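Here are the chains, one letter per residue:
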Amino acid sequence: MDIVELVRTRYTTKHYDPARRISDKDIADLMEVLRLSPSSVNSQPWHFFVTGTAEGKARVMPAVLDFNRPRVADASHLVVFAVPAEFTEERFRRLVEQELADGRVKAEDVASGAADAGRRHFVGLHQVSPEELISWEARQAYIAMGFLLWAAAERGIDSTCLEGLDMAKMDECLGLAEKGLRTVCAVSLGYRLPDDSNAARPKSRLPMNEVVTTF
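Residues numbered from 1 in each chain as written. Predicted model: local features only at pLDDT ≥ 70, side-chain atom pairs only at ≥ 80, totals over all residues. Heavy atoms only, no water.

Trainee: Can you walk me through unusual backbone geometry in this structure?
Mentor: Comment: phi is negative for the bulk of residues other than glycine, and the bulk of peptide bonds are trans. Positive phi, normally seen in glycine, also occurs at V41, with a value near 45°. Counting through the fold element by element, V41 comes out in the loop between α2 (24-35) and β1 (47-51). The class for V41 is partly exposed, based on a relative accessible area of 28%. Located in the positive-phi region is Q44, a residue other than glycine, with phi close to 45°. Within the secondary structure, Q44 sits in the loop between α2 and β1. By relative accessible area, Q44 is classed as partly exposed at 26%. (Helix = DSSP H or I, 4+ residues; strand = E, 2+ residues; numbered from the N terminus. Buried < 20%, exposed > 50% of the residue type's maximum accessible area, 1.4 Å probe, protein only.)

This is the structure in structure tokens:
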């Protein structure tokens, strides 16, 4: 599908068909899209929790606000986006280790500290407080969310961005405190019902001249 047409026709699903499930292949591909999503200074400050079972969805349902519960229960899958509460030395080390293994950086740059000097600088700008760090990391996670929504739409898979969550409760449901992680958002994935309430509503966006300035 043409990319502009894809964006014109994609919309936030309100009612999912509980009888339809996303294939294991498509879910694996969508998780790979998340893994490969871009982030500032290749910081990759995220972890994604995915479930496609009734048991998994029931586990997190106490954290889902009432109006969003059908969009979790009836969807095929749910992805919860979490970010680290602290950007630790271990995380810096793992990133450089992987970049070295992938051939992105050279061994001599790792030894000298040059391999991640820029990353340490820019992460450091946001480590002035726990709140600022989480805010910055959440912005990176939302980049990954955008890639997920796009990839899902390309596969004909419907989606709903979920901020109607009790984030602290979701942390509790998934045991994130002991993992050093914090919930920032979630996405439901599945297939819309034929009479989904959003299907017949026209897309509404501000006109081009109000949102784009050429200079």
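Trainee: Just checking my understanding: could you explain helix α9 (residues 167-174) for this structure?
Mentor: Every α-helical turn comprises 3.6 residues, leaving residues that sit three or four positions apart pointing alike. M170, D171, C173 and L174 are the residues of α9 that are buried. For α9, the arc enclosing every buried residue in end-on projection is 165°, short of the 170-degree limit, so these residues lie on one face. Turned more than 90 degrees away from the buried face of α9 sit A168 and E172, all of them exposed. Its buried side turned inward, α9 meets β1, α3 (54-60), β2 (77-84) and β4 (181-190). The opening residue of α9, the one whose side-chain oxygen lies 3.3 Å from the backbone nitrogen of A168, is D166. Of the residues flanking the end of α9, it is G175, one or two places downstream, whose phi is positive at about 65°. (Arc of directions from axis to C-beta. Contact = heavy atoms within 4.5 Å. Polar contact = N/O pair within 3.5 Å; in protein donor to acceptor, adjacent residues only side chain to side chain.)

Trainee: I'm lost on the packing of aromatic side chains in this one. Help?
Mentor: Two measures describe an aromatic ring pair: the distance that separates the ring centres and the angle between the ring planes. Taken as a whole, this structure holds three aromatic pairs when the rule is applied. Centroid distance F48 to F81: 5.2 Å. Interplanar angle 80°. Geometry classified as edge-to-face. With F48 in strand β1 and F81 in strand β2, this pair connects stretches of sequence that are 33 residues apart. Across the pair, exposure class does not vary: F48 and F81 are buried alike. Residues F87 and F92 carry aromatic rings whose centres are separated by 4.7 Å and whose planes lie at 50° to one another, so their mutual orientation is tilted. Assigned by exposure class, F87 and F92 land together as buried. Counting every residue linked through ring pairs, the aromatic cluster contains W46, F48 and F81. One residue, R120, lies across the ring of F92, its end atom 4.3 Å from the ring centre. (Phe/Tyr/Trp six-rings, centres within 6.5 Å; stacked < 30°, edge-to-face > 60°. Lys NZ or Arg CZ within 6 Å of the ring centre and 35° of its normal.)

Trainee: What am I meant to see in the sheet that holds β1 here?
Mentor: Pairing between sheet strands relies on hydrogen bonds along the backbone, with the strands arranged either parallel or antiparallel. Spatially, the four strands line up as an open sheet ordered β1-β2-β4-β3, and their pairing is antiparallel. The strands lining the two open edges of the sheet, one partner per strand, are β1 and β3 (158-162). Adjacent strand axes in the sheet meet at a mean angle of 25°, parallel and antiparallel pairs treated alike. With five bridges joining them, β1 and β2 adopt antiparallel strand pairing. If you follow T51 over to β2, its bridge partner there is L78. (Pairing = 2+ DSSP bridges. Axes fitted to C-alpha atoms, helices over the stretch in contact; angles between N-to-C directions.)

Nothing here speaks to function; it is geometry throughout.
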